[in-house]
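Each chain, letter by letter, is given below.
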Amino acid sequence: MQQVEQLPIEGIDYVELYVGNAKQAAFFYQNAFGFQPVAYSGPETGVKDKVSYLLQQSDIRLLLTTGLVPDHPASRFVQTHGDGVADIAMRVQNVDWLYKEAVKRGAKGIMEPRVLKDEHGALKGAAISAYGDTVHTFIERSQYKGTFAPHFKAIESKMKAEPVGLRRVDHVVANVEEGKMDYWVEWYGRVFGFTQLVSFDDRDISTEYSALKSKVMRNVSGTVKFPINEPARGKKKSQIQEYLEFFKGAGVQHLAISTDDLVSTVTKLQSRGVEFLLTPDSYYDELPKRMKDLPEKLETLRQLRILVDKDDKGSMLQIFTKPLQDRPTLFFELIQRKGSESFGKGNFKALFQAIELEQEKRGNL
Ligand code: FE2
């Protein structure tokens, strides 16, 4: 791959989900995951064809959007894909230059640089398309002092969200069609100048029944990390294939969100009814053989079904929620890094066995 200069991306500005009912989704992400609704946009703020709720916890901003008319892009997206991630928006310093440069490097532009203004200043944005119907919006905030964006008003909520310690987006994972992983690896390398962090092959992360291939693309500062998965052949259907069939194409598989104390975060989430993948007991029986110096007590890990892994830089703890909507598509990963830069390679097999138990229940294995 020819190495090109990296586009100056500061980090992820927000992640937008298109959903069937943003009002109810906001209630779910507030009360289950502790995100505070902070801004609203809709007919009351001069936007006729959609409503959006901005939810925040520490550095993570989720934008939940529903179309109010059948031909709004959010309505069409939801009809095809169900609820899911439509936009991984990135904060940048110079939208005009960056958009032009991305298009010059082969990205498909879908929104030319445009300025939105209100009494708080001017916000500049532009967008390119990525895998499936996913887009990347570039946002330039240097001339804007408002809460989020023009046509948004602050939400005066009587109900305060109870945060669970979620800090920032650690990585965002794409599922793409079989044979397309290397295409998108090359694309992020060529368009963004991202580099590949680490690669798994299907021997690393396969079980008897289902497999995947995965490569991680990221920027130099590590503020943006995009693992890209594709299904690999196993005896039965790959979980990536099941995603592609339910989502009707490529899309975001999971958002990994970091916390400083995963045990506390998971304990709170479980008490609110958030469901996690049930890692089999055998994982915890084997764990002391795989890892000495566990970062938490074995019994705590077993009780909460937390996974642990390590690399030469340290350890990490992680756990995966069940899908966040009825289709077995988008889910969250919660991750606590204690030095490790790993994505849980050592856990993939254990994780897949757990996912397959769920897949079997749906008759899709
Ligand atoms: Fe992950």
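That block above? That's the structure.
The structure presented is a predicted model; accordingly, all values stated were derived computationally and were not measured. (Residues numbered from 1 in each chain as written. Predicted model: local features only at pLDDT ≥ 70, side-chain atom pairs only at ≥ 80, totals over all residues. Heavy atoms only, no water.)

### With respect to the pairing of strand 17 (residues 331-338)
Formally: Here the term buried applies to any residue with accessible area under 20% of the maximum for its type, exposed to any over 50%, and partly exposed to those in between, with areas from a 1.4 Å probe on protein chains only. Secondary structure elements follow DSSP: runs of H or I of four or more residues count as helices, runs of E of two or more count as strands, with numbering from the N terminus. Strand pairing follows a simple DSSP-based rule, namely that at least 2 bridges must link the two strands.
Counting buried residues along strand 17, six of its eight residues qualify, which places the element largely inside the surrounding structure. Taken together, the five bridges between strand 14 (residues 251-259) and strand 17 define a ladder with parallel strand orientation. Looking at strand 17, one finds that histidine 254 is bridged to phenylalanine 331. With five bridges joining them, strand 16 (residues 314-320) and strand 17 adopt antiparallel strand pairing. Looking across to strand 17, one finds that isoleucine 319 is bridged to leucine 334.

### Quick word on helix 4 (residues 181-192)
Heads up, the condition is: In a helix, the anticipated span is given by 1.5 Å times the number of residues less one.
Given a rise of 1.5 Å per residue, 12 residues ought to cover 16 Å, and the 16 Å separating the end C-alpha atoms of helix 4 matches this to within 8%. Buried within helix 4 are the following residues: Met181, Trp184, Val185, Trp187, Tyr188, Gly189, Val191 and Phe192. The positive-phi residue at the C-terminal boundary of helix 4 is glycine 193, with phi of around 75 degrees.

### Digging into the side chain of lysine 322
The line we're drawing: Residue contacts are defined here by distance: any two heavy atoms, one from each residue, within 4.5 Å place the two residues in contact.
Within the fold, lysine 322 resides in the loop between strand 16 and strand 17. Here lysine 322 falls in the buried class, since its relative accessible area comes to 18%. In contact with lysine 322, other than residues within four places in its own chain, are Glu275, Phe276, Leu277, Phe331 and Glu358.

### Structural notes on the packing of aromatic side chains
Where we set the bar: Whether two aromatic rings pair depends on their centres lying within 6.5 Å, for rings of Phe, Tyr and Trp, where Trp uses its six-membered ring; planes under 30 degrees apart make the pair stacked, over 60 edge-to-face, and the rest tilted. Each ring is checked for a lysine NZ or an arginine CZ that lies within 6 Å of its centre and within 35 degrees of its normal; such an atom marks a charge sitting over the ring.
For the structure shown, the criterion picks out 24 aromatic pairs. A centroid spacing of 6.0 Å and a plane angle of 75 degrees characterise the contact between phenylalanine 77 and phenylalanine 247, whose relative ring orientation is edge-to-face. One end of the pair, phenylalanine 77, is in helix 2 (residues 73-81); the other, phenylalanine 247, is in helix 5 (residues 239-247), with 170 residues separating them in the sequence. Note on accessibility: phenylalanine 77 and phenylalanine 247 belong to one class, buried. Each ring, one from tryptophan 187 and one from tyrosine 188, has its centre 4.8 Å from the other, and the planes form 85 degrees; the classification is edge-to-face. Pair check on accessibility: tryptophan 187 and tyrosine 188 agree, each one buried. Put simply, the rings of Tyr131, Phe138, Tyr183, Trp184, Trp187, Tyr188, Phe192, Phe194 and Phe226 pair up and form one aromatic cluster. Over the aromatic face of phenylalanine 343 sits the side chain of arginine 337, whose NZ or CZ is 5.3 Å from the ring centroid.

### With respect to the sheet that holds strand 6 (residues 108-118)
Ordered in space as 6-7-8-5-1-4-3-2-9, the nine strands form an open sheet in which the pairing is mixed. Edge strands, defined here as strands with exactly one partner in the open sheet, are strand 6 and strand 9 (153-154).

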